[in-house]
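As a plain string of letters, each chain reads:
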Amino acid sequence: MSVAGQVADEIQVMGGAFMFSREAAAFAAGTGVEGFMGPYTRGRGGVLGEVDADVVSAAFGFFEPGAVRRAWESVAMPASEAAQGYVEACRRFGMRKLESFDAAERLAGLLERVVVAGDSAGLPLFAGWRALPLGADATGRVEQLIQVLREFRGGAHLLAVRATGLTPQQAVLVKGGPMGDGSKTAANFGWPEPYAEVDADVVRRWEAAEALTDELVAPAFSVLGDVEGKELVELVRAAHAVMFARR
């Protein structure tokens, strides 16, 4: 398995964890809008600028477009301010959860090289998040860079899903998400029931999309070479263990 494939799950979980954190809740409170979707959509999508919600929906991909529009338009905070507030929540989460992670400086350095090497063509959220300045604290940078790589893989996966003939909704129904199985995640993403059956052909196409995603993101990770690539895997897994340790 490629380096990208070996750290895919950790990057997905670690990069998204701050979105459900006390730091993100504080950001949400500052928007004056209750609930998760509005602040999340404005914060994550704020890197796209003051655009129509259709642009945000196109970049998010896996969410029902109407749900994205309602969320995006529910928050009056300027997009640039929302992006800055959301990335600061991301950094602060990393600083809190990785405080005892001694290899943060080294991991941040390796992650940054992968981020810089990533091809942003067709990946607007990755490009937007990559353009945000990095924080000064190494633990905050680790979380921020992992979130940037989460957008890298997520954007590539959206391209791969479409290339294999799946709809975004079908991909959600197969994969699910951190808050539940496919049906629950589809509902959380705004897709109305009833949902089509996930048959063997849909699963096969999704597996092909996963393999294609790995192919699309692997070149960025190859900038490290074999030795540093192995080190990256070890450090990402170690950081994951620290982040989610019971204490």
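Our structure's up above, just so we're on the same page.
Remember, predicted model here, so these are calculated numbers, not experimental data.

**Student:** Describe in detail the pattern of salt bridges, supporting the description with residues and values.
**Tutor:** Applying the stated rule across the entire model yields 16 salt bridges. The residue R205 makes a salt bridge to D201 at a minimum N-O spacing of 2.9 Å. Of the two residues, R205 and D201 both sit in helix α13 (residues 200-221), four residues apart, roughly one turn of that helix. Looking at D201, the relative accessible area reads 34%, which means it is partly exposed.

**Student:** Describe in detail the nonpolar core, supporting the description with residues and values.
**Tutor:** With 62 residues, the main nonpolar core has L107, L111 and L232 as its most contacted residues. Each residue touching L107, except ones within four places of it in the same chain, is listed here: F101, V142, L232, L235, V236 and A239.

**Student:** Provide a residue-level description of the side chain of R91, including the pertinent values.
**Tutor:** Looking at the secondary structure, you find R91 in helix α7 (residues 79-97). R91 sits in the buried class, given a relative accessible area of 11%.

**Student:** Explain the side chain of E228 to me, and be specific about the residues and the numbers.
**Tutor:** By the secondary structure assignment, E228 is in helix α14 (residues 225-243). Discounting residues that sit within four places of it in the chain, E228 has contacts with R106, L110 and R113.

**Student:** If you had to explain the packing of helix α4 (residues 37-45) against α7 to someone new, which residues and values would you point to?
**Tutor:** Their axes nearest at 7 Å, the elements α4 and α7 cross at an angle of 95°. With respect to their mutual orientation, α4 and α7 come out roughly perpendicular. Where α4 abuts α7, its residues Y40, R42, G43 and R44 lie against A79, A82, A83 and Y86. Class assignment of the residues belonging to the contact of α4 with α7 gives a composition of five nonpolar, one polar and two charged.

**Student:** How would you explain unusual backbone geometry if you had to name every residue and give the values?
**Tutor:** For the peptide bond that leads from E193 to P194, omega is 5°, which places it in the cis range. Along the chain, P194 falls in the loop between α12 (182-188) and α13.

**Student:** How would you sum up the packing of aromatic side chains? Please name residues and give values.
**Tutor:** All told, the structure shown has 10 aromatic pairs when counted by the stated rule. Their ring planes at 35° and their centres at 4.6 Å tell us that F126 and F152 sit as a pair that is tilted. Taken as a pair, F126 in helix α9 (residues 124-131) and F152 in helix α10 (residues 138-163) lie far apart in primary sequence, 26 residues in all. For the residue pair F126 and F152, the accessibility class agrees, reading buried in each case. Here the aromatic residues F20, F36, Y40, F60, F63 and F189 are joined through ring pairs into a cluster of three or more. The ring of W72 carries R42 above its face, with NZ or CZ at 4.2 Å from the centroid. Between the NZ or CZ atom of R44 and the centre of the ring of F60, over which it lies, the distance is 4.3 Å.

**Student:** If you had to explain α14 to someone new, which residues and values would you point to?
**Tutor:** Under the 1.5 Å per step criterion, the end-to-end length of α14 is 26 Å for 19 residues, consistent within 8% with the ideal 27 Å. Taken together, the buried positions of α14 are E228, G229, L232, V233, L235, V236, A239, V242 and M243. Here the buried face of α14 lies against α1 (3-6), α2 (8-17), α7, α8 (104-117), α10 and α13.

**Student:** An account of the environment of A200 is requested, with residue identities and associated values reported.
**Tutor:** The residue A200 is located in helix α13 in this model. Judged by relative accessible area, A200 falls into the exposed class, the value being 64%. Distance from A200 to A138, taken between C-alpha atoms, is 44 Å for residues 62 residues apart in sequence.

**Student:** Tell me about α8, residues and numbers included.
**Tutor:** The end-to-end C-alpha separation of α8 is 20 Å, in line with the 20 Å expected for 14 residues at 1.5 Å each. Residues of α8 that are buried include every one of A104, L107, A108, L110, L111, V114 and V115, and no others. Buried residues in α8, looked at end-on, bunch into an arc of 165°, giving them a common side. Along α8, exposed side chains directed more than 90 degrees from the buried face belong to E105 and V116. In the core, the buried residues of α8 are packed alongside α9, α10, α13 and α14.

Conventions adopted
- Residues numbered from 1 in each chain as written.
- Predicted model: local features only at pLDDT ≥ 70, side-chain atom pairs only at ≥ 80, totals over all residues.
- Heavy atoms only, no water.
- Salt bridge = Lys/Arg side-chain N within 4 Å of Asp/Glu carboxyl O.
- Helix = DSSP H or I, 4+ residues; strand = E, 2+ residues; numbered from the N terminus.
- Buried < 20%, exposed > 50% of the residue type's maximum accessible area, 1.4 Å probe, protein only.
- Core = buried A, V, L, I, M, F, W, Y, C linked by side-chain atoms within 4.5 Å.
- Contact = heavy atoms within 4.5 Å.
- Axes fitted to C-alpha atoms, helices over the stretch in contact; angles between N-to-C directions.
- Parallel < 35°, antiparallel > 145°, perpendicular 65-115°, else oblique.
- Nonpolar A, V, L, I, M, F, W, Y, C, P; charged D, E, K, R; others polar.
- Phe/Tyr/Trp six-rings, centres within 6.5 Å; stacked < 30°, edge-to-face > 60°.
- Lys NZ or Arg CZ within 6 Å of the ring centre and 35° of its normal.
- Expected span 1.5 Å × (residues − 1).
- Arc of directions from axis to C-beta.

Geometric values such as these leave the question of function open.
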